[in-house]
Amino acid sequence: MRNFIQFFLVIVMIVEHTLPFELLKSIFCPPIPRLVRIRNVSATPKTLKNSQLLVVLDFVGLVQRHGYSAEEHNVTTEDGYNLLIHRIPDSPAKVEIKKKPVVFLQHGVMASSDSWVLFGPRRDLAFLLADAGYDVWVGNIRGNTYTRSHIELSASEPEFWKFSYHEMSQYDIPAMIDYILKETEVKSLVYIGHSMGTTIIYALLSTKPEYNDKIKLIVSLAPIVYWKQPFTNLIKIIVDNTAEFENIFKKNGIWEILPQSTSVAKLVKTFCEDKAITQPACISLIFLLSGSDIAQLNTSLIPYVGSFFPAGVSLFTLSHYYQNIVTGKFQQYDFGYVENFARYAQKSSPEYDMKRITAPSILMYGQNDAISLKKNIMELENRLSNVIVSDELSYRWFTHLDFLWGSDSKMFLYDKIIELLEKYGGKN
Ligand SMILES: *[C@@H]1O[C@H](CO)[C@@H](O)[C@H](O)[C@H]1NC(C)=O
Ligand SMILES: *[C@@H]1O[C@H](CO)[C@@H](O)[C@H](O)[C@H]1NC(C)=O
Ligand SMILES: *[C@@H]1O[C@H](CO)[C@@H](O)[C@H](O)[C@H]1NC(C)=O
């Protein structure tokens, strides 16, 4: 393990210092067009069969292929970002409920709504919730593969990318919640977030507390809020080198990192597919980033997942997390002394005030998650005033990515979530 980390460190150094910049750019921020999205494989035009571009199903296609209905909805935020969000309103299981309770799923960093529906019924949480009688809405935050659009700005302009998770919390989440409540005519919804999906709901509720009443229950999967416990291994190496990476990206005008693209999908396929001799290295890398759990990772499926994830993130989002890691505080973006004064009327950036969060939370975390560490969850639990359940999953090896894609996540996690929703009023 140690050797591998040193090896990786050397690679990082080489990439940083010698590789032609264009190569780096073609991986981290590939040229447009990046892929072709279709809805129905059988109805795909022949001309696409020889496409040099990655051809993938969109959310609606991923859901409809299993006989479930799916919808897309356009939501424009107060600051002009056009978000495309998704919905599974129904299930072939046809649960007879007059007014379906609404559940909203919010993805984490570098993911998209697709991440919730890659594997299908009886396996993915979104399908299980639809079967259980929920009206399932699935969010997309600004800047991911579905949401590179703004009423005035183009995604090729740096100005478009000047946002961190803070703006997602202030504009995207409120716009999506308000839209869904209006559309479904219910007063409140259940919010299920994974990873960054938890950061942004807590950032929202601490700054716009009027949204507490619109959230019946928060289910936080692998929550990311506090970063006090030091990292080990690879993540530490990445974190230690973040400032330098950030400068390289900024100097070269890269504001968007790792979008869903043909080049990343090809790279993942070449490096990770079953017959590749590099597959063990690929798996080690995934395990270092997420936690290692060989039983829950079907290695044959890595290239498939790699064609949907990563799905893009802004540089400023990563840099905001980096600041939180350095300070150990959950606070707004630090723009430096001068701009902080202009924005916040104080020289440092303000901390999010956790006392203003009143909506009830259920925290669920894994023992083997490399990113969402227990000590940090305990800090969150202590600071929130309304945690109704805090659950360390009993399966010993559960990792950060198992929350989405573990082979047996239904058994270890999703069935439990549905039980908890029944018990704590998700259905009311
Ligand atoms: C996909 O296209 C085929 C052929 O046109 C059609 O028969 C099928 O019903 C379509 N599937 C969906 C889910 O729309
Ligand atoms: C949403 O917006 C996109 C892009 O403007 C458009 O192509 C699509 O038809 C819209 N979808 C709906 C459901 O309004
Ligand atoms: C892994 O995925 C492949 C491709 O879908 C499938 O054929 C295989 O049965 C899976 N293996 C296990 C152990 O589930």
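Residues numbered from 1 in each chain as written. Chains lettered and ligands numbered in written order. Predicted model: local features only at pLDDT ≥ 70, side-chain atom pairs only at ≥ 80, totals over all residues.

Caption draft 1: Molecular detail of the UniProt feature "active site" (unreviewed entry) in the protein chain. Per the UniProt entry, the sites bearing "active site" (unreviewed entry) are Ser195, Asp369 and His400 in this numbering. Of the residues just listed, which span 206 residues, no C-alpha pair is farther apart than 11.0 Å, and they cluster in one region. Ignoring anything within four residues of it in the chain, the contact list for serine 195 reads Gly108, Val109, Ala222, Ile224 and His400. Position of histidine 400 relative to the elements: it lies in the loop between β12 (387-392) and α15 (402-405). Of the residues examined, histidine 400 has 23 C-beta atoms within 10 Å and is grouped as buried. Excluding residues within four positions of it along the chain, histidine 400 makes contact with Ser195, Ala222, Ser290, Gly291, Asp369, Ala370, Ile371 and Ser372. (UniProt positions renumbered as here; feature names shortened; annotations may be inferred. Contact = placed C-beta atoms within 7 Å. Helix = DSSP H or I, 4+ residues; strand = E, 2+ residues; numbered from the N terminus. Buried ≥ 20, exposed ≤ 12 C-beta atoms within 10 Å, placed from the backbone.)

Caption draft 2: Molecular detail of the environment of alanine 295. In this fold, alanine 295 is placed in the loop between α10 (279-290) and α11 (302-306). C-beta crowding within 10 Å serves as the criterion here: with 11 such atoms nearby, alanine 295 is assigned to the exposed category. Along the sequence, alanine 295 and aspartate 408 sit 113 residues apart, while their C-alpha atoms lie 9.0 Å from each other.

Caption draft 3: Region of interest: helix α9 (residues 262-272). Residues of α9 that are buried: Thr262, Val264, Ala265 and Cys272. Where the residues of α9 are buried, they touch α2 (21-28), β1 (35-38), β2 (54-57), α10 and α11.

Caption draft 4: Region of the structure containing the nonpolar core. Core analysis: the largest hydrophobic core is formed by 108 residues, its most contacted members being Val103, Phe104, Ala126, Leu129 and Val136. Tallying contributions element by element places helix α5 (residues 165-184) first for this core, with 8 residues. Among residues more than four places away in sequence, those in contact with valine 103 are Leu129, Tyr134, Val136, Leu189, Val190 and Ile192. (Core = buried A, V, L, I, M, F, W, Y, C linked by C-beta atoms within 7 Å.)

Caption draft 5: View of unusual backbone geometry. At the junction of isoleucine 32 and proline 33, the peptide bond is cis and its omega measures out at 0 degrees in the coordinates. Tracing the sequence through the fold places proline 33 in the loop between α2 and β1. The omega torsion across phenylalanine 309 and proline 310 is 5 degrees, close enough to zero to call that bond cis. Secondary-structure assignment places proline 310 in the loop between α11 and β10 (313-314).

Caption draft 6: Quick peek at the sheet that holds strand β5 (residues 102-106). With mixed pairing, the 8 strands of this open sheet are ordered in space as β3-β4-β6-β5-β7-β8-β11-β12. With one partner strand each, in any of the chains shown, β3 (71-76) and β12 form the two edges of the open sheet. Taken over all neighbouring pairs, the strand axes of this sheet differ in orientation by 20 degrees on average, direction set aside. Sheet analysis places strand β11 (residues 361-365) next to β12, joined by 5 bridges and oriented parallel. Residue pairing in the sheet places leucine 363 in a bridge with serine 390 of β12. (Pairing = 2+ DSSP bridges. Axes fitted to C-alpha atoms, helices over the stretch in contact; angles between N-to-C directions.)

Caption draft 7: Fine view of α10. Compared with the 16 Å implied by 1.5 Å per residue over 12 residues, the 16 Å span of α10 between its first and last C-alpha is a close match. Within α10, burial applies to Cys282, Phe287, Leu288 and Ser290. (Expected span 1.5 Å × (residues − 1).)

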